[in-house]
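So the chains spell out like this:
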Amino acid sequence: MTVSPDGTRLYVATATEVSVIDTSTNVVLGGTPAGVGATGLAVSPSGRYLFLSGDADHAVHVYDVGGEGAPREVGGSGDVGEAPDHLTMAPDGGHLYLSGHGGLTTVDTSRFR
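Figured I'd write up the structure that's included with this text.

Helix and strand content of the chain: zero helices and eleven strands. Listed N to C, the secondary structure of the chain is β-β-β-β-β-β-β-β-β-β-β in terms of helices and strands. Rg of the C-alpha trace for the chain: 13 Å, near the compact-globule value of 13 Å for 113 residues, within the 12% margin. Reported as C-alpha extents along the three principal axes, the dimensions of the chain are approximately 40 × 30 × 20 Å. Taken over 113 residues, the chain has a buried fraction of 45%. For the chain, the exposed area adds up to about 5,600 Å²; of that, 51% sits on carbon and sulfur atoms.

The following block contains the structure:
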């Protein structure tokens, strides 16, 4: 799980879903299917995009979380290596760094700032 840059939203991934929770009320605002094996989350510095790594498909899924309600999947990457468990975002939002069993991978995220 991870928190938005402004602290107003908590993003939680389970094995099959990613959910958005309002941190002031602890109310679930919405959820959407996340595929199988969601393992890591990172939020863009703007707070608009959520990046989720998938252990089963070895990919990164991108969700628009800038509005109210459920996240909306808007993009993704190809294979980023085996078990991409750990994610962190560059401070400028231009790159996402992943590590897992396959080593370190960098994904260009400049279009999702």
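From this point, things continue past the structure.
Glancing now at the pairing of strand β6 (residues 49–54). A regular strand places its side chains so that they alternate between the two faces of the sheet. The buried count for β6 comes to six of six residues, which makes it a mostly enclosed element. Inspection of the sheet shows strand β5 (residues 38–43) paired to β6 by five bridges, in the antiparallel sense. Considered in β6, the bridge of Ala42 is made with Phe51. Linking two consecutive strands that pair antiparallel, namely β5 and β6, is a turn of five residues; a positive phi of about 85° is found at Gly47 within it. Direction of pairing for β6 relative to strand β7 (residues 59–64): antiparallel, over a ladder of six bridges. When the bridges of β7 are listed, Ser53 appears paired with Val60. Once β6 ends, the chain turns through four residues before running back antiparallel as β7, passing His58 with a positive phi of about 55°.

A word on the nonpolar core. Soluble globular proteins tend to bury their nonpolar side chains together. Ranked by size, the top nonpolar core spans twelve residues in total: Ala42, Tyr49, Phe51, Val60, Val62, Val80, Leu87, Met89, Leu96, Leu98, Val107 and Phe112. Mapped by element, the contributors of at least two residues to this core are β6, β7, β9 (84–89) and β10 (95–100). If sequence neighbours within four positions are ignored, Val80 has contacts with His58, Ala59, Val60, Leu98, Thr105 and Val107. Counting residues in each nonpolar core, the second largest holds eleven residues, with Tyr11, Val20, Ala34 and Leu41 among its members.

Here the structure, examined in full by the defined rule, presents three salt bridges. Residue Arg9 pairs with Asp22 through a salt bridge whose shortest N-O separation is 3.5 Å. Here Arg9 is found in strand β2 (residues 9–13), whereas its partner Asp22 is found in strand β3 (residues 17–22), with 13 residues between them in sequence. We note that Arg9, like Asp22, is buried. Between Arg72 and Asp64 there is a salt bridge whose closest N-O contact spans 3.2 Å. Here Asp64 falls in the buried class, since its relative accessible area comes to 10%. Through salt bridges with shared partners, a single ionic network connects Arg48, Asp64 and Arg72.

What counts as what
- Residues numbered from 1 in each chain as written.
- Predicted model: local features only at pLDDT ≥ 70, side-chain atom pairs only at ≥ 80, totals over all residues.
- Heavy atoms only, no water.
- Helix = DSSP H or I, 4+ residues; strand = E, 2+ residues; numbered from the N terminus.
- Rg over C-alpha atoms; globule rule 2.2 N^0.38 Å.
- Buried < 20%, exposed > 50% of the residue type's maximum accessible area, 1.4 Å probe, protein only.
- Areas by Shrake-Rupley, 256 points an atom, 1.4 Å probe, with all protein chains shown as cover.
- Pairing = 2+ DSSP bridges.
- Core = buried A, V, L, I, M, F, W, Y, C linked by side-chain atoms within 4.5 Å.
- Contact = heavy atoms within 4.5 Å.
- Salt bridge = Lys/Arg side-chain N within 4 Å of Asp/Glu carboxyl O.

From the geometry alone we can't say anything about function, so treat these as descriptive.
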